[in-house]
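Listed below are the residues making up each chain.
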Amino acid sequence: MFLPIPFVRSLRTGAIAACMLLFAACGGGTDAVRDTPPLTQAATPPAPPPPPLRIGLALGGGAAKGFAHIGVIKILEANGIHADVVAGTSAGSVVGALYASGLDAFAMQERAVALDEASIRDVRLFSGGLIQGQKLQDYVNAQVERRPIERLGKPFAAVATRLDTGDRVVFVRGNTGQAVRASSSVPGVFEPARIGEHAYVDGGVVSPVPVDAARQLGADLVIAVDISTRASGSTPQHLLGIVNQSIAIMGQRLGAEERARAEVVIRPQVDDIGPASFEQRAHAILQGERAALAAMPQIRTAMAARQRQRAAALAPRPAPAKPAPAADEVDCGNTWVRRLNPFRRGDQAEVCG
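- The name given to the protein in an unreviewed UniProt entry is Patatin-like phospholipase family protein, and the organism recorded there is Luteimonas yindakuii.

### Points about the UniProt feature "active site" (unreviewed entry) in the protein
Right, so step 1: Per the UniProt annotation, the sites labelled "active site" (unreviewed entry) are Ser90 and Asp202. Separation in sequence by 113 residues is not matched in space for these annotated residues, since their most distant C-alpha atoms are only 6.0 Å apart.
Right, so step 2: Within the element layout of this structure, Ser90 appears in the loop between β2 (85-89) and α3 (91-100).
Right, so step 3: With a relative accessible area of 7%, Ser90 lands in the buried category.

### Focus on the side chain of Ser207
Right, so step 1: Tracing the backbone shows Ser207 in the loop between β6 (198-202) and α7 (211-216).
Right, so step 2: A polar atom in the side chain of Ser207 sits 2.9 Å from the side chain of Glu258.
Right, so step 3: Contacts of Ser207, omitting those with residues within four sequence positions, involve Thr89, Val159, Arg168, Leu254 and Glu258.

### What about the packing of aromatic side chains?
Right, so step 1: Evaluation of the coordinates by the stated rule reveals two aromatic pairs.
Right, so step 2: Measuring from centroid to centroid gives 5.3 Å for Phe171 and Tyr200, while their planes differ by 75°, and the two rings are edge-to-face. Separated by 29 residues along the polypeptide, Phe171 in strand β4 (residues 168-171) and Tyr200 in strand β6 bring together distant segments of the chain. Summarising the burial analysis for this pair, Phe171 and Tyr200 share the class buried.
Right, so step 3: Across the ring face of Tyr99, the terminal group of Lys154 is positioned such that the distance to the ring centre comes to 5.2 Å.

### Details of the pattern of salt bridges
Right, so step 1: All told, the structure shown has eight salt bridges when counted by the stated rule.
Right, so step 2: The closest approach of N and O atoms between Asp226 and Arg259, which form a salt bridge, is 3.6 Å. Placement of Asp226 in the loop between β7 (221-225) and α8 (239-259) and of Arg259 in helix α8 is noted, with a sequence separation of 33 residues between them.
Right, so step 3: Ionic pairing is found between Arg267 and Asp226, a salt bridge with its closest N-O pair at 3.7 Å. On the criterion of sequence distance, the pair formed by Arg267 in the loop between β8 (264-266) and α9 (281-314) and Asp226 in the loop between β7 and α8 is long-range, its members being 41 residues apart.
Right, so step 4: Taking relative accessible area as the criterion, Arg267 reaches 39% and is therefore assigned partly exposed.
Right, so step 5: With relative accessibility at 1%, the residue Asp226 sits in the buried group.
Right, so step 6: One network of salt bridges, in which partners are shared, links Asp226, Arg259 and Arg267.

### Focus: the pairing of β7
Right, so step 1: Most of β7 is tucked away: five of the five residues are buried.
Right, so step 2: Burial along β7 is two-sided: Leu221, Ile223 and Val225 facing one way and Val222 and Ala224 facing the other are all buried.
Right, so step 3: Examined bridge by bridge, strand β1 (residues 55-59) and β7 share five bridges and lie parallel to one another. Each bridged residue has a counterpart across the sheet, and for Gly56 the counterpart in β7 is Val222.

### Quick notes on the nonpolar core
Right, so step 1: The biggest cluster of nonpolar side chains holds 67 residues, and the ones touching the most others in it are Leu57, Phe171, Ile266 and Ile299.
Right, so step 2: Considering every element that reaches this core, the biggest residue donor is α9, with eight residues.
Right, so step 3: Aside from chain neighbours lying at most four places away, what touches Ile299 is Leu76, Ile81, Ile223, Val264 and Ile266.
Right, so step 4: In this structure, Val85, Val222, Ala262 and Val265 belong to the second largest nonpolar core, which totals 15 residues.

### Examining the packing of helix α5 (residues 134-143) against helix α6 (residues 176-183)
Right, so step 1: Axis separation between α5 and α6 bottoms out at 8 Å; the angle between their running directions is 135°. Between α5 and α6, the crossing angle belongs to the class labelled oblique. The element α5 and its partner α6 pack so that their crossing is right-handed. Across the interface between the two elements, Gln134, Leu136, Gln137, Val140 and Asn141 from α5 touch Thr176, Gly177, Gln178, Val180 and Arg181 from α6.
Right, so step 2: Within the contact of α5 with α6, the residues separate by chemical class into three nonpolar, six polar and one charged.

What counts, and at which threshold
- Residues numbered from 1 in each chain as written.
- Predicted model: local features only at pLDDT ≥ 70, side-chain atom pairs only at ≥ 80, totals over all residues.
- Heavy atoms only, no water.
- UniProt positions renumbered as here; feature names shortened; annotations may be inferred.
- Helix = DSSP H or I, 4+ residues; strand = E, 2+ residues; numbered from the N terminus.
- Buried < 20%, exposed > 50% of the residue type's maximum accessible area, 1.4 Å probe, protein only.
- Polar contact = N/O pair within 3.5 Å; in protein donor to acceptor, adjacent residues only side chain to side chain.
- Contact = heavy atoms within 4.5 Å.
- Phe/Tyr/Trp six-rings, centres within 6.5 Å; stacked < 30°, edge-to-face > 60°.
- Lys NZ or Arg CZ within 6 Å of the ring centre and 35° of its normal.
- Salt bridge = Lys/Arg side-chain N within 4 Å of Asp/Glu carboxyl O.
- Pairing = 2+ DSSP bridges.
- Core = buried A, V, L, I, M, F, W, Y, C linked by side-chain atoms within 4.5 Å.
- Axes fitted to C-alpha atoms, helices over the stretch in contact; angles between N-to-C directions.
- Parallel < 35°, antiparallel > 145°, perpendicular 65-115°, else oblique.
- Left-handed = near helix turned anticlockwise from the far one by under 90°.
- Nonpolar A, V, L, I, M, F, W, Y, C, P; charged D, E, K, R; others polar.

This is the structure in structure tokens:
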């Protein structure tokens, strides 16, 4: 049986139209033929720069050797390094208080050169020590314009030892001169300093170089200056030398543990300066300058490393990449019409094949 030609043509036209409708339905309509923009991950915003390092200065005790601290500060300032917080023990508390009050190294050097030893030494026998300490307290208060510790230009801490318990005490507020006096009261040489109900002696007994106190003030990086006496193999002949070396021997191991917690330790060569050798103050300052200058490469390396650590800690973490859809998560429509659809989306083409 033969069908009329017009009928065959109309049947062919209807079949073609039906196929086109199927292709359009499978491709998702006109939206399917639009170019789909590639999926891109949002750009990670740049990390904010870390805040400036808070530099801490830990100035150790050593009687007349403490003039070396001035030389260290002079070189640090000449190289653009200004301590943000200062902690001091004994002689280091004297220099530290003046520095925290706003005096620069040159102003402190002028005062050191003009210092009359009699202005800070008030001898009084049979009172628990040879020196009362009141003159030292008055001298420091005069230099800082009688400001309490909390009103100095920089955060400052003076470390002393509580006589009845042996505990370390860190003074961060109150009478500046009184705190320095307590920190500098060498047992057997100075009378114990009384503050409130307690008596205090030299901070070098428990913290020869106050690294931990500087850290407690908020320092990110601590530069310690160690001028402590090391056992020389000889026996001192005078009282102050005997006491000074005895304290140094007691604090050697304790001091080593605390010094190890500093990023940089500067050691001026002042072993040949006696604890009461005020006439060698210029030599002590010079040795401080030399030691600080030699330590500058180490200081800059430590500062750069600490900044890198802080920058890495502040850097934002990238968002995890979105995994590609699994084959069973995509509607492949396992029909010959969908497989032949030229308008399939790219992800379906990759997953479904």
